[in-house]
Structure formats: C-alpha cells, structure tokens
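Secondary and tertiary structure notes
For reference, the chains in residue letters:
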Amino acid sequence: MTGPPLALGVLVSGRGSNLAAILDQIKAGRLAAQVRVVISDQPNAPALRLAADQAIPALAIQRRSFANQESFEARVAAELEQRGVELVVLAGFMRLIGPTLIDRFPGRIINVHPALLPSFPGLAAQQQALAHGVKISGCTVHFVNEVMDGGRIIAQTAVPLLEGDTVESLSARILAEEHQLLPLVIGRLAEQIRAEQVSEDGSSQG
Ligand code: GRF
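Because the structure is predicted, anything quoted here is derived from the model rather than measured.

The rules behind the values
- Starting from 1, residues in each chain are numbered consecutively following that chain's sequence as written.
- Thresholds applied to this predicted model are a pLDDT of at least 70 for local features of residues and 80 or more for the giving and counting of side-chain atom pairs; totals over whole chains, interfaces and linings are not thresholded and use all residues.
- Excluding hydrogens and water, the side-chain values take into account all heavy atoms of the structure.
- In DSSP terms, a helix is any run of H or I states spanning at least four residues, a strand is any run of E spanning at least two, and both are numbered starting from the N terminus.
- The criterion is simple. A nonpolar core is a set of buried Ala, Val, Leu, Ile, Met, Phe, Trp, Tyr and Cys residues joined through side-chain atoms within 4.5 Å.
- Here's how the labels work: a residue is buried when its accessible area is under 20% of the maximum for its type, exposed when over 50%, partly exposed in between, all with a 1.4 Å probe on protein chains only.
- Any pair of residues with heavy atoms lying within 4.5 Å of one another is described as a contacting pair.
- We define proximity as follows: a residue is near a molecule or strand when any one of its heavy atoms falls within 4 Å of that partner.
- In the analysis that follows, any N or O atom pair within 3.5 Å is treated as a polar contact, provided that within protein one partner can donate a hydrogen and the other can accept it, and provided that, for residues neighboring in sequence, both atoms belong to side chains.
- Three categories are distinguished: nonpolar for Ala, Val, Leu, Ile, Met, Phe, Trp, Tyr, Cys and Pro, charged for Asp, Glu, Lys and Arg, and polar for the others, with Gly belonging to the last.
- Read the arc as the range of directions from the helix axis to the C-beta atoms.

Take unusual backbone geometry next. In the segment running from Leu117 into Pro118, the intervening peptide bond is cis, with an omega of 10°. Secondary-structure assignment places Pro118 in the loop between strand E5 (109-113) and helix H5 (125-132). Of note in this structure, Ala55 is not a glycine but carries a positive phi near 60°. Take Ala55: it is sitting in the loop between helix H2 (46-53) and strand E3 (58-60). Positive phi values are uncommon outside glycine, yet Phe120 reaches one of about 55°.

Among the nonpolar cores identified, the biggest contains 39 residues, and Leu8, Val38, Val89, Ile110, Leu182 and Ile186 are the most heavily contacted of them. If you tally residues by element for this core, the top one is helix H6 (residues 167-205), at 9 residues. When sequence neighbours within four positions are dropped, the list of residues in contact with Ile186 reads Leu8, Ile22, Leu31, Leu87, Val89 and Ile110. In this structure, Phe66, Phe72, Ala77 and Leu90 belong to the second largest nonpolar core, which totals 19 residues.

Neighbouring the ligand are Arg15, Gly16, Ser17, Asn18, Gly92, Val112, His113, Pro114, Leu175 and Glu178. A distance of 2.8 Å separates an oxygen atom of the ligand from a polar backbone atom of Gly16. One of the side-chain N or O atoms of Glu178 is found 2.7 Å from an oxygen atom in the ligand. Counting only elements with at least two residues in the shell around the ligand, the list comes to helix H1 (17-27), E5 and H6. Looking at the shell around the ligand, its residues break down into 3 nonpolar, 5 polar and 2 charged.

Moving on, we get to the environment of Pro118. Take Pro118: its relative accessible area is 73%, and that puts it in the exposed class. Sequence spacing of Pro118 and Arg152 is 34 residues, and the spatial spacing of their C-alpha atoms is 9.8 Å.

When we look at burial in H2, the residues that qualify are Ala47, Leu48 and Ala51. The buried residues of H2 all sit within an arc of 100° when viewed along its axis, so they share a single face. Seen from the buried face of H2, the exposed residues on the opposite side, beyond 90 degrees, are Arg49 and Asp53. Lining the buried residues of H2 we find strand E1 (6-12), H1, strand E2 (33-40) and E3. Of the residues trailing H2, Ala55 is marked for its positive phi of about 60°.

The analysis is restricted to geometry; functional conclusions fall outside its scope.
This is the structure we're talking about:
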C-alpha cells in the first residue's frame, strides 16, 4: 500500500475481542492501519482497558451525558475528526447511530455483525439463527447507514451450524471468523482509499 497507514477510530461497548484482533494484525505487520482512538459508550467496557494498555487514546462518551442523540454523535464525530480518523469501525458498538455521525464520515463507517445479513439483524443474532434452525449462519462486515445492520454488505463468512450447537458454541465459532474477516476488510478498504487518493492527486495534477 502506498501512503501512511489508515487512521482508524474504533467504537466499542464491551469485551473488545474484535479490537484485539485488529491490533494483533497491525502489530504483526499484516494490516497497514493505526488505531488513533477507541471510544466506548460504556465506561466500564473491557475494550477501553485493552486500548489504554496499548497506549491508545481510550475515551468513554456516554449518551446520557448529552441532551440528545445529535449532540452525543457530534461529540463522537469531533473526537474522531480531531485525530484524523479516516475509517470508523464499529466493533461491538451496541448503539444505533444516526445522520449526525454518518454524514461526517460518508461511506467510511463499517460494522461487524454475527450473522449472514440481511438475516438476523439486531440483538442475539446467534440465538435467532438457532431458533430458526438455519443450517448456515456466519458473520458480515457492512457499511453503516441509519437502518440497524442495514447498510451495503462488504464481505461475509459462512459458519455451518452443528448438531447440538448452543448459543455459546455457535457464537464462539462465528467470533473466530469475525476476527479474521474484520481486519481483512479494513485492509482492503485501506488499499482502496489510498488508491483513490493517488488517482485524485494524479488527476488534479493533470
Ligand atoms: C461481536 O459478535 C460483534 O459481531 C457484535 O458484538 C460482538 C462484539 O464482540 N456486533 P467483541 O466486543 O469484539 O468481543
């Protein structure tokens, strides 16, 4: 990839295993990106500690500290912009976002979801898959729009359901695939974004 590593802002609410997978790939030199900031709507999210332990700026921004959704999102957007974030990654961010944030990062916000969208959006996707008796589920990385888990799909990995699967066993197998897929997609988008910048520079010179 030509150009500097892609500047990421990662939004989290909990455990942070996808954040850890991104950081591992960066450390291993397999992902040309840099996590500039991790923001959580939950001050006790383990993901914040994980970031802080690696000297990555880690902020808690709670929705309830703001009068409305717009001012909450405006603050999140400002923190991301201040640090030059180029791609926003929702990695277990359990909150629907709206136009205030989306419009500040057009086409530059992605999310990972533990099902093959458009099946099973929203909460407890693995439980929904089990309850329906589907034979194949998986994970999806998609662009974020205002519809919950509704934006254009970028990539998916299928995970077969096994006899005797529980929510826990299925979730664990899907999660292992999320950890592969999300960094892979970020890497591809990084390539695309840098390539577009090179061609824009080229055409502005021509
Ligand atoms: C993942 O299953 C992700 O697909 C969903 O929330 C979970 C987050 O896990 N949106 P973690 O915090 O990355 O460990």
